[in-house]
Amino acid sequence: MANRDLLDEQREETRLIIEELLDDGSDPDAPYTIEHHFSAENFDALEKVAVDAFKMGYEVTDAEELEVEEGKLLMCCDAISEVALNAELIDEQVEQLIELAARHNVNYDGWGTYFEDPDGEDGEEGEDDDFYDEDDDGKRH
């Protein structure tokens, strides 16, 4: 079973993140991309977490190096899902992934997501008009 204190801390954090998103006007009904963060000093252990998370149905990012205090290097990756902004659903994922991290002796570093515009405006992404070239004849050189 996962560390009860860590689970309680993550449950509080989940509710705080959701509350802040909604207070900022994020769409309560949108699907949200949830990025669960992992880190480890050992690449092999992180790779095992990534493989198991993938088998559990998560999309997994490639591992990246992150330099922390005093030049120490950590390997990091994310397990990604798309779910409603529902605390209970996210709590289930968090518990599942904390247990996975503990089995492989890596760190579960919480989760994050992005603001979802209730008006459906994507901002930078989706602004294809910015890239339209009226002089483009379709020929590639």
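Everything here concerns the structure above.
A brief structural summary.

### Focus on helix H2 (residues 43-55)
Reasoning step 1: Here H2 contains 13 residues, and its C-alpha end-to-end distance of 18 Å stays within 8% of the 18 Å for a straight helix at 1.5 Å per residue.
Reasoning step 2: Every buried residue belonging to H2 is among Ala45, Leu46, Val49, Ala50 and Ala53, and all of these are buried. In a view along the axis of H2, the buried residues occupy a sector of 140°, so they form one face of it. For H2, the exposed residues lying more than 90 degrees away from the buried face are Lys48, Phe54 and Lys55.
Reasoning step 3: In the core, the buried residues of H2 are packed alongside strand E1 (31-40), strand E2 (59-60), strand E4 (73-84) and helix H3 (87-103).
Reasoning step 4: Regarding H2, its N-cap is Asn42, as a side-chain oxygen of that residue lies 2.7 Å from the backbone nitrogen of Asp44 further along.
Reasoning step 5: Taken from the residues just after H2, Gly57 is the one with a positive phi, measuring 105°.

### A word on the pattern of salt bridges
Reasoning step 1: One pass over the structure, following the stated rule, counts six salt bridges.
Reasoning step 2: Residues Arg11 and Asp91 are paired through a salt bridge, measuring 3.9 Å at the closest nitrogen-oxygen approach. Taken together, the residues Arg11 in helix H1 (residues 4-23) and Asp91 in helix H3 connect sequence positions 80 residues apart.
Reasoning step 3: Given the relative accessible area of 8%, Asp91 is considered buried.
Reasoning step 4: Overlapping salt bridges bring together Asp8, Arg11, Arg15, Glu88, Asp91 and Glu95 as one network.

### Examining the environment of Asp29
Reasoning step 1: Examined against the element boundaries, Asp29 turns out to sit in the loop between H1 and E1.
Reasoning step 2: Once the C-alpha coordinates of Asp29 and Ala84 are considered, the two residues, 55 residues apart in sequence, prove to be 6.9 Å apart.

### Comments concerning the side chain of Asp78
Reasoning step 1: With respect to the helices and strands, the residue Asp78 is situated in strand E4.
Reasoning step 2: Of the side chains with opposite charge, Arg103 lies nearest to the buried Asp78, which makes no salt bridge, at 17 Å.
Reasoning step 3: In terms of polar contacts, Asp78 uses its side chain to reach the side chain of His37, at 2.7 Å.

Criteria and cut-off values
- Residues numbered from 1 in each chain as written.
- Predicted model: local features only at pLDDT ≥ 70, side-chain atom pairs only at ≥ 80, totals over all residues.
- Heavy atoms only, no water.
- Helix = DSSP H or I, 4+ residues; strand = E, 2+ residues; numbered from the N terminus.
- Expected span 1.5 Å × (residues − 1).
- Buried < 20%, exposed > 50% of the residue type's maximum accessible area, 1.4 Å probe, protein only.
- Arc of directions from axis to C-beta.
- Contact = heavy atoms within 4.5 Å.
- Polar contact = N/O pair within 3.5 Å; in protein donor to acceptor, adjacent residues only side chain to side chain.
- Salt bridge = Lys/Arg side-chain N within 4 Å of Asp/Glu carboxyl O.
- Lys, Arg positive; Asp, Glu negative; His and termini not counted.

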